[in-house]
Amino acid sequence: MCIRDRLMREKFDTIVFKAPVLQKFKLLAEVSKAIIAIRDKEETRGGEIAELVYLIYSGFSEKICLFKREGITLSSMLMEFLDYANVVLRSYRNTNELVSSVIRYLNYRLRKRS
């Protein structure tokens, strides 16, 4: 038993169970006001796309905004899927534009939900 589990048991009479990654991911999505994904480089293997698809299938498409750097191509299948699920898609040219776009998006998004 690891130290954290022992402390939880001794101090709080609680047993810690490790949840599967997808269960943790879904819980984070449930408590989030907005989900922002950023596709900045094509050198990744596309894990963020798999995560987006999982979130969309789990019913969180209304919370998702995908920011992608201009010049990065998304497959036509992915575009079809994002359009079908009404996912917000934004482009940016540089880090400063990304930061201001994310702040603006969150400002209006969180204001609507309050």
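Rules used in this analysis
Residues numbered from 1 in each chain as written. Predicted model: local features only at pLDDT ≥ 70, side-chain atom pairs only at ≥ 80, totals over all residues. Heavy atoms only, no water. Pairing = 2+ DSSP bridges. Helix = DSSP H or I, 4+ residues; strand = E, 2+ residues; numbered from the N terminus. Axes fitted to C-alpha atoms, helices over the stretch in contact; angles between N-to-C directions. Right-handed = clockwise from strand over helix to strand, strands pointing away. Core = buried A, V, L, I, M, F, W, Y, C linked by side-chain atoms within 4.5 Å. Buried < 20%, exposed > 50% of the residue type's maximum accessible area, 1.4 Å probe, protein only. Contact = heavy atoms within 4.5 Å. Salt bridge = Lys/Arg side-chain N within 4 Å of Asp/Glu carboxyl O. Parallel < 35°, antiparallel > 145°, perpendicular 65-115°, else oblique. Left-handed = near helix turned anticlockwise from the far one by under 90°. Phe/Tyr/Trp six-rings, centres within 6.5 Å; stacked < 30°, edge-to-face > 60°.

Colleague: Which residues make up the sheet that holds strand S2 (residues 64-69), and what values go with them?
Modeller: The pairing of strands in a sheet comes from backbone hydrogen bonds and takes either a parallel or an antiparallel form. The strand order across the open sheet built from three strands is S1-S2-S3, with neighbouring strands paired in parallel fashion. Each edge of the open sheet is held by one strand with a lone partner, namely strand S1 (35-39) and strand S3 (88-92). Averaged over all adjacent pairs, the angle separating strand axes in this sheet is 20°, with direction ignored. Of the strand pairs in this sheet, S1 and S2 are connected by five bridges, and their pairing is parallel.

Colleague: Tell me about the pairing of S3, and name the residues and values.
Modeller: The two faces of a sheet get side chains in turn, since along a regular strand they alternate between them. Note: S2 against S3, five bridges, orientation parallel. Considered in S3, the bridge of Cys 65 is made with Val 88. The parallel pair S2 and S3, bridged by helix H4 (residues 76-84), forms a crossover whose chirality is right-handed.

Colleague: Hey, could you go over the nonpolar core for me, with residue numbers and the actual values?
Modeller: In this structure, Ile 56, Ile 64 and Leu 82 are the most contacted members of the largest nonpolar core, which totals 16 residues. Taken together, the elements giving at least two residues each to this core come down to S1, helix H3 (47-57), S2 and H4. Among the elements that make up this core, the one with the highest residue count is H3 (four residues). Discounting chain neighbours no more than four positions away, the residues touching Ile 64 are Ile 35, Leu 52, Leu 55, Ile 56, Val 87, Val 88 and Tyr 105.

Colleague: Describe the pattern of salt bridges, and please don't skip the residues or the numbers.
Modeller: Enumeration over the complete set of coordinates arrives at two salt bridges. Between Arg 69 and Asp 40 there is a salt bridge, with the nearest N and O atoms lying 2.9 Å from each other. Of this pair, Arg 69 sits in strand S2 while Asp 40 sits in the loop between S1 and H3, and the two are 29 residues apart along the sequence. Of the residues examined, Asp 40 reaches a relative accessible area of 27% and is grouped as partly exposed. Of the charged contacts in the structure, one is a salt bridge between Arg 93 and Glu 97, with a shortest N-O distance of 3.0 Å.

Colleague: Could you give me a rundown of the packing of H3 against H4, with the residues and numbers involved?
Modeller: At a minimum axis separation of 11 Å, H3 and H4 run at an interaxial angle of 30°. Considering their axes alone, H3 and H4 lie roughly parallel with respect to each other. Here H3 runs over H4; the crossing is left-handed. Between H3 and H4, the contacting residues are Ile 49, Val 53, Ile 56 and Tyr 57 on the first element and Leu 78, Phe 81 and Leu 82 on the second.

Colleague: Quick one: what's the story with the packing of aromatic side chains, residue by residue and with numbers?
Modeller: This structure, assessed with the given rule, holds three aromatic pairs. With a centroid separation of 5.5 Å and an interplanar angle of 45°, the aromatic rings of Tyr 57 and Phe 81 are classed as tilted. Taken as a pair, Tyr 57 in helix H3 and Phe 81 in helix H4 lie far apart in primary sequence, 24 residues in all. For Tyr 57, a relative accessible area of 65% gives the class exposed. Note on Phe 81: relative accessible area 17%, which makes it buried.

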